[in-house]
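The lines below spell out each chain.
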Amino acid sequence: MFLRRNAIPVVKGTKDIFTPEIELIDHINRTADEKYRQYGYKKIETPIMEYTDLFARSIGTYTDIVQKEMFTFSDRKDRSITLRPEGTAGVVRAYLENNFSFNPGITKVHYNGPMFRAERPQKGRLREFHQFGCEAIGSMNVLLDVEIIELHINLLHKLKLKDFTLLINSVGDKNCRKEYTALLDKFLRKNKSKLCENCRSRADTNPLRVFDCKNPTCQEIYNDAPLLTDHLCDECAGHFEKLQSWLKLKTIPFSINKKLVRGFDYYTKTVFEIQSTLLGAQNALLGGGRYDYLIELLGGKPTPAVGTAVGIERLMIALKEQNIPFKPDHKAQVYICTAGNFDEKIVIRLMDHVREHGYIPFYSYEAKSLKAQLKEADKLNCSFSLILGEEEMKKDQIVLRSLEKGSQENIDLNDFKKNISDYLKVKN
Ligand code: AMP
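Residues numbered from 1 in each chain as written. Predicted model: local features only at pLDDT ≥ 70, side-chain atom pairs only at ≥ 80, totals over all residues. Heavy atoms only, no water.

1. Describing the side chain of D145
Of note, D145 is situated in helix α5 (residues 142-158). Contact partners of D145, with chain neighbours within four places excluded, come to H239, L243, T270, R290 and V306. (Helix = DSSP H or I, 4+ residues; strand = E, 2+ residues; numbered from the N terminus. Contact = heavy atoms within 4.5 Å.)

2. Comments concerning the domain arrangement of the protein chain
If you check the domain split of the protein chain, you get domain 1 (21-173 + 233-321) and domain 2 (333-423). Taking only C-alpha atoms, the centre of domain 1 and the centre of domain 2 are 48 Å apart. (Domains from an automatic or database assignment.)

3. Comments concerning the site of the ligand
Surveying the vicinity of the ligand reveals 15 residues, the closest of which are R117, E119, L126, Q131 and R262. A distance of 2.9 Å separates a nitrogen atom of the ligand from a polar backbone atom of L126. One of the backbone nitrogen or oxygen atoms of L285 is found 2.9 Å away from an oxygen atom of the ligand. The fraction of the free accessible surface of the ligand (490 Å²) that becomes covered by protein chains is 93%. At three residues, the largest contribution of residues to the shell around the ligand is made by strand β10 (residues 284-290). (Near = heavy atom within 4 Å. Polar contact = N/O pair within 3.5 Å; in protein donor to acceptor, adjacent residues only side chain to side chain. Areas by Shrake-Rupley, 256 points an atom, 1.4 Å probe, with all protein chains shown as cover.)

4. Topic: the pairing of strand β15 (residues 397-402)
The side chains of a regular strand alternate, residue by residue, between the two faces of the sheet. Pairing between strand β14 (residues 384-389) and β15: four bridges, direction antiparallel. Note that in β15 the partner of I387 across the bridge is V399. The antiparallel hairpin formed by β15 and strand β16 (residues 407-412) contains four residues in its connecting segment, where G406 sits at a positive phi of about 75 degrees. (Pairing = 2+ DSSP bridges.)

5. Quick look at the sheet that holds β16
Strands in a sheet are paired, the pairing made by backbone hydrogen bonds, and the direction either parallel or antiparallel. Taken in spatial order, the five strands make up an open sheet running β13-β12-β14-β15-β16, and their pairing is mixed. Across the chains shown, the open sheet's two edge strands, defined by having one partner strand only, are β13 (360-363) and β16. Each strand of the sheet is rotated relative to its neighbour by a mean of 25 degrees, with strand direction disregarded. In the packing of helix α12 (residues 344-356) onto the sheet, contacts are made with β12 (333-339), β13 and β14, and the angle to β13 comes to roughly 155 degrees. (Axes fitted to C-alpha atoms, helices over the stretch in contact; angles between N-to-C directions.)

6. Here's the deal with the packing of aromatic side chains
Describing an aromatic ring pair means giving the distance of the ring centres and the angle of the ring planes. Within the structure shown, the criterion is met by ten aromatic pairs. With a centroid separation of 5.1 Å and an interplanar angle of 20 degrees, the aromatic rings of F264 and Y266 are classed as stacked. The pair formed by F264 and Y266 is uniform in burial state, with each residue classed as buried. Three or more aromatic residues joined by ring pairs make a cluster, and in this case those are F264, Y266, Y267 and Y291. Residue placement shows K174 over the ring face of Y293; its charged tip is 4.3 Å from the ring centre. (Phe/Tyr/Trp six-rings, centres within 6.5 Å; stacked < 30°, edge-to-face > 60°. Buried < 20%, exposed > 50% of the residue type's maximum accessible area, 1.4 Å probe, protein only. Lys NZ or Arg CZ within 6 Å of the ring centre and 35° of its normal.)

7. Regarding the state of the cysteines
Two cysteines joined by a covalent bond between their sulfur atoms form a disulfide. Under the criterion given, the structure shown has zero disulfides. Free cysteine: C337, not disulfide-bonded; nearest cysteine sulfur from C382 at 8.7 Å. On the basis of relative accessibility, which here comes to 0%, the residue C337 falls in the buried class. (Disulfide = S-S within 2.5 Å.)

8. Re the packing of helix α1 (residues 21-38) against α5
Think of two packed helices as two axes; the pair is described by the angle between the axes and how far apart they sit. With their axes 10 Å apart at the nearest point, α1 and α5 run at an angle of 140 degrees to one another. For the element pair α1 / α5, the angle class is oblique. Crossing geometry of α1 relative to α5 is assigned as right-handed. Contact residues: α1 offers T31, A32, K35 and Y36, while α5 offers L151, H152, N154, L155 and K158. Across the contact of α1 with α5, the residue classes tally to four nonpolar, three polar and two charged. (Parallel < 35°, antiparallel > 145°, perpendicular 65-115°, else oblique. Left-handed = near helix turned anticlockwise from the far one by under 90°. Nonpolar A, V, L, I, M, F, W, Y, C, P; charged D, E, K, R; others polar.)

9. Structural notes on the pattern of salt bridges
Applying the stated rule across the entire model yields 26 salt bridges. In this structure, E34 engages R37 in a salt bridge whose closest nitrogen and oxygen atoms are separated by 2.9 Å. Pair noted here: E34 and R37 are both in helix α1, with a separation of three residues, about one helical turn. In this structure, D204 and K192 form a salt bridge, with 3.0 Å as the shortest nitrogen-oxygen distance. Taken together, the residues span a long stretch of sequence, with D204 in helix α7 (residues 197-205) and K192 in the loop between α6 (174-191) and α7 at a distance of twelve residues. Residue D204 is classed as exposed on the basis of its relative accessible area, which comes to 56%. Residue classification places K192 among the partly exposed residues on the basis of a relative accessible area of 24%. Put simply, D64, K68, R202, R209 and D212 are held in one network by salt bridges that share partners. (Salt bridge = Lys/Arg side-chain N within 4 Å of Asp/Glu carboxyl O.)

Next up, the structure:
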């Protein structure tokens, strides 16, 4: 950090994003937008803040997110507001408030934006992070679960990511959960004294979440625990079987992880996660699942739905770890250098001309030696510099220097203007 005395730093767990990272993020977002379009999803933007009740009711009062991780404050009229920790709740609120249910067919939307969770910051875990994701609202059909999984796997392939694994599970519905919770409760009571403090508290408030514990002793104990996947009702078991056979049919490799429960209470039936060993401890790239009760819980008619959220920072870490070369696909950058006394009108006209043809002109704006200007061009990753020298200009000539090849030639200024795209060709 280069902080001067008295300077105010960025808020803990948040960060500034700029070149070159932001170019990779733009590339990821563009690729995702294109994929969502191919699968019929329309973009939606919901506010970054919502009334706190929306998250408490949807994510679940006894989840870690609602208990410990929300950035909540009162507005001037003492209403409790929260910076969104995830995207689904806001999308469902918008679906209900704007009557999307009257749209023909399934409502398919995708979103992209910052999320906020007061977690302990570490690699791949921030307090402000970015997600893109999608929601398909209005059908029980398992094909939608499969389609959403396939879409994101195709997206990871498109981004050339290789090292990732799809994990699936079913967390059942109200029917199977009632009986199962009694079984789990019995097991947890029997083993309570051996569990960590967090699991003991979860055993009372949100027992399914114990499986998320990272403590090896607890995990050892849970190896003998009854698992919901083995106690599904006929409908949920059928849905889970169909999910697996469709994934096989589509040749999408997966593993079943019966302890996969995810951090939200709203999930029903299908849950899934894509993990990557490239990420370290925070290994989940994306997560999602079905939430067939959420719309009713938030005041709508019973409406089944399924969705996913992808962590953009984690995706970026994985792509960087894999050293996937990425070259932003914009046109050549051209640095206009001057040598000697100059009427800046010539420079400005040349910059306009370069810009009009889709290239990106740079200029020093400050008086500098030619050597300093060329160094700056190099640092800015320009492909060319155009040198306006006093002597050459008398002959209506300029010097075109290729910074990639290190060669240069004198060319006629008018010819350059006429045939700019021939002169500014870059190797790809
Ligand atoms: P979730 O909304 O918890 O299902 O998370 C979906 C994805 O968002 C995860 O797989 C991560 O890639 C990303 N994510 C969740 N929490 C964080 C965080 N605190 N910092 C960075 N990325 C996160």
